[in-house]
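# Analysis of the macromolecular model
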Amino acid sequence: MPRTSLSLLTGTMALLCLVLPSVGQLETRASVGILYEPDAIATGDFNRDGAQDIAVVCSQASCGGGVQVLLGHGDGTFGPPVSYAAGEEPENGIAAADLNKDGKLDIVVSDFLGYTVSVLLGNGDGTFQPAISSPAPLGGEAVRVGDFNNDGIPDLALQVVLCPGPCISVLFGNGDGTFQSPITMTLSEYIEDVVVGDFNGDGNLDVIWESSVSVDAHVLLGNGDGTFSPGPVYILYGTGPDSLAIGDLNADGILDLVSTGGYYASVFLGNGDGTFGPNMKFSIAFGGEATRIADMNGDGIPDLVFPSGDTPTTSNIAIVLGRGDGTFGPETFFPSGESGYALAVADFNRDGQPDVAVADEFGNAVTTLLNTGVVAFSPTTTLKFLQQLVGTTSAPQTVNLTNTGTAALGISSTSLSGRGLGMQTSCGQSVAPGGSCKIRVNFHPTALGSVQGSVTLVDTASSKPQVIPVAATATVITLSPTALSFPPQKIGTKSAPMDVTVTNTGSQTVTVTSIAITGQDFTEANTCGTQIGPGASCTISVTFRPVFGGPRTGTLNVSDNGGASPQSVSLEGKGTQ
């Protein structure tokens, strides 16, 4: 399957160091909406302000048909995306590099449906010039940047599915953002992922590609002229969407190889001559798709970061801590959105600790997860208070804070922002090693609308504040009940109606803009009209007429100006013969 996560050259090894050793913690900091399904991600300082920025690809015309750029604020949050057209369908390949050697980062994307690669030359202020294209084979996917002919000019290695068969194409750079005609090496099997590095120490860039058919890792040794000689092949054990990463895992100065996919991670220690040692595989929950190497807990030893351990409601990022000899500890999981499989590792809040950014394809968002050092938060996701009635107080939501370090954690301040939010904490000014405390947040809205707030802690675990995001919405509209479960119903026949009562608890008239049902098995009739007066109620009667047998589901949505719109009622029933 196509790769959705990309590195520039040899991958990151021990990217950044933390202030204090810990077990490696991530906390969701922010999520920025993307117009449509971000597929791949790259990072860099596009406006040269010292803060990491993000670029993602989106193949749909609804998002500008190419690249969306998000400029970082230096605190783990980002500005709104700006779209740039690039190619016909730049679905799976993006990289950031200075392609014309002017000191400004540029962006290059592959094109799955076009015969080109497209380059957006950076202006150095976070904006980019219109795309310029160079010829490339049809079916471009992953793109890697490196100097494959040793002329000091960045070139490209392109993963391609239609040459007419699978191949790797090398495009020599002209030094101005354009590229020469591709040199193509046809492969025996389709490519799952590809990484680039000097694996035999001869000064020439080599390539390792992973087969999506036999699930093997194939070494191609570079000749220094854009061509390659076949090297050894290594058996991997991944059975799912695999990915590759390279880095020095055992501090011997030699690049090692990692693959994660399915239920296994494979580790091969490099010998420095283009060959690798035996597969030191270990089990994982189930993942792969993107693998990154970084020191996530500040002990000077490279760790692994990759998608793994999904639940029915969220994708997850896993961290496994390295032992410095090519072996690793157990997985620790952190929620990453609906389908957060394309990821990048960089310091997004400038505290010297490696963080994670995820392109959440089905969630239509880019989400940042900040490294909290020795501070472990549970849960690690945004606190959400949804559809709270104006004038009422929600039940509290609790965040547990644990000091996983070996020294006391100092807390100099704990503050809360956001209209209508309240907080209680037992954390005090210090948390002992291994100790924990609680932060409780509630919501008492006095007015309609959405509230974006945060709990901010200033502590000794980081040079930057630790932030727990809070999202809340206030409404005067209640729906009762919030779920309808119909008894079994014969296919093609209509059930007796079940009612939902809509009540305006406020002092002003509420305008109803729509009442609609998703799901072909349910219909509704209502008495609401277009307005609901203060203190008034109306009824929505829902009936179930199954089109097919088995479990059937739907959703009743009520849209209005009463706050927290739309409100929803889940619908379920079972069709029988």
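Residues numbered from 1 in each chain as written. Predicted model: local features only at pLDDT ≥ 70, side-chain atom pairs only at ≥ 80, totals over all residues. Heavy atoms only, no water.

### Topic: the state of the cysteines
- Tallied over the full model, the rule gives three disulfides.
- Here Cys163 connects covalently by a disulfide to Cys167, the sulfurs 1.8 Å from one another.
- The disulfide that involves Cys528 links it to Cys538, with 2.0 Å between the sulfurs. Disulfide Cys528-Cys538: torsion about the S-S bond near 80°, hence right-handed. In this pair, Cys528 sits in the loop between β42 (522-526) and β43 (531-532) while Cys538 sits in strand β44 (residues 537-544), placing the two residues 10 residues apart along the sequence. (Disulfide = S-S within 2.5 Å. Helix = DSSP H or I, 4+ residues; strand = E, 2+ residues; numbered from the N terminus.)

### Some details on the domain arrangement of the chain
- We note that the domain assignment places domain 1 (26-371), domain 2 (376-475) and domain 3 (477-575) within the chain.
- Here domain 1 and domain 3 have C-alpha centroids that lie 45 Å from each other. (Domains from an automatic or database assignment.)

### Quick look at the layout of surface pockets
- In this structure, the largest pocket encloses a volume near 590 Å³.
- The wall of the largest pocket is formed by 20 residues, among which Thr28, Ala30, Ser31, Thr382 and Lys384 lie closest to the centre.
- Listing elements by their share of the lining of the largest pocket, those giving two or more residues are β1 (26-33), β24 (328-337), β27 (365-371), β35 (449-459) and β36 (466-475).
- Looking at which element gives the most residues to the lining of the largest pocket, the answer is β1, with five residues. (1 Å grid on protein atoms, 1.4 Å probe; cavity = no way out; pocket = protein on both sides within 12 Å on 5 of 7 lines; lining within 4 Å. Points joined across faces, edges and corners; volume = space filled by probe spheres on them.)

### Regarding the sheet that holds strand β29 (residues 383-389)
- Strands sit in the order β29-β36-β35-β31-β33 across an open sheet of five strands; the sheet is mixed. Here the strands that pair on one side only, and so sit at the sheet edges, are β29 and β33 (430-431).
- Examined bridge by bridge, β35 and β36 share nine bridges and lie antiparallel to one another. Residue Val451 lies in a different strand from β36, and its bridge partner there is Ala472. (Pairing = 2+ DSSP bridges.)

### Concerning the sheet that holds strand β2 (residues 40-44)
- Pairing is antiparallel in the open sheet, where four strands are placed in the order β2-β3-β4-β5. This sheet does not close on itself; its edge strands, each paired only once, are β2 and β5 (82-85). Sheet twist, expressed as the mean angle between neighbouring strand axes with direction ignored, is 25°.
- Alignment of strand β4 (residues 66-70) against β5, held across four bridges, turns out to be antiparallel. (Axes fitted to C-alpha atoms, helices over the stretch in contact; angles between N-to-C directions.)

### Considerations on the packing of aromatic side chains
- Taken as a whole and judged by the stated rule, the model has 14 aromatic pairs.
- Pairing Tyr237 with Tyr264 gives two aromatic rings, centres 6.1 Å apart and planes at 55°, and the pair type is tilted. Taken together, the residues span a long stretch of sequence, with Tyr237 in the loop between β17 (228-235) and β18 (243-247) and Tyr264 in strand β19 (residues 256-268) at a distance of 27 residues.
- For Tyr237, a relative accessible area of 38% puts it in the partly exposed group.
- Centroid distance Phe522 to Phe544: 5.0 Å. Interplanar angle 20°. Geometry classified as stacked. Of the two residues, Phe522 is situated in strand β42 and Phe544 in strand β44; the sequence distance between them amounts to 22 residues. Phe544 matches Phe522 in its accessibility class, with the two residues each being buried.
- Each residue in the set Phe199, Tyr234, Phe268 and Phe276 is aromatic and connected to the rest through ring pairs, giving one cluster.
- In this arrangement the basic side chain of Lys281 is found over the ring face of Tyr237, its NZ or CZ atom lying 4.4 Å from the centre. (Phe/Tyr/Trp six-rings, centres within 6.5 Å; stacked < 30°, edge-to-face > 60°. Buried < 20%, exposed > 50% of the residue type's maximum accessible area, 1.4 Å probe, protein only. Lys NZ or Arg CZ within 6 Å of the ring centre and 35° of its normal.)

### As for the side chain of Thr473
- By the element assignment, Thr473 lies in strand β36.
- With a relative accessible area of 16%, Thr473 lands in the buried category.
- From its side chain, Thr473 meets the backbone nitrogen of Gln387 in a polar contact 2.9 Å long.
- Thr473 has contacts with Phe385, Leu386, Gln387, Gln388, Phe443, Gly449, Ser450 and Ala564, leaving out every residue within four places of it along the chain. (Polar contact = N/O pair within 3.5 Å; in protein donor to acceptor, adjacent residues only side chain to side chain. Contact = heavy atoms within 4.5 Å.)

### A few points about empty space enclosed by the protein
- Within this structure, the stated rule accounts for two cavities of 30 Å³ or more.
- Reported here for the largest cavity is a volume of approximately 50 Å³.
- Around the largest cavity, the lining residues are Glu27, Arg29, Asn349, Leu370, Thr372, Pro465, Gln466 and Val467.
- Of all elements in the fold, only β1 and β36 reach the threshold of two or more residues within the lining of the largest cavity.
- Of the residues belonging to the lining of the largest cavity, the class tally is three nonpolar, three polar and two charged.
- Looking at the lining of the largest cavity, you find at least three residues from each of domain 1 (26-371) and domain 2 (376-475).
- Volume-wise, the second largest cavity comes out at about 40 Å³.
- Taken together, Ile477, Val502, Val510, Val512, Ile515, Cys528, Ile532, Ile540, Val558 and Asp560 make up the lining of the second largest cavity. (Nonpolar A, V, L, I, M, F, W, Y, C, P; charged D, E, K, R; others polar.)

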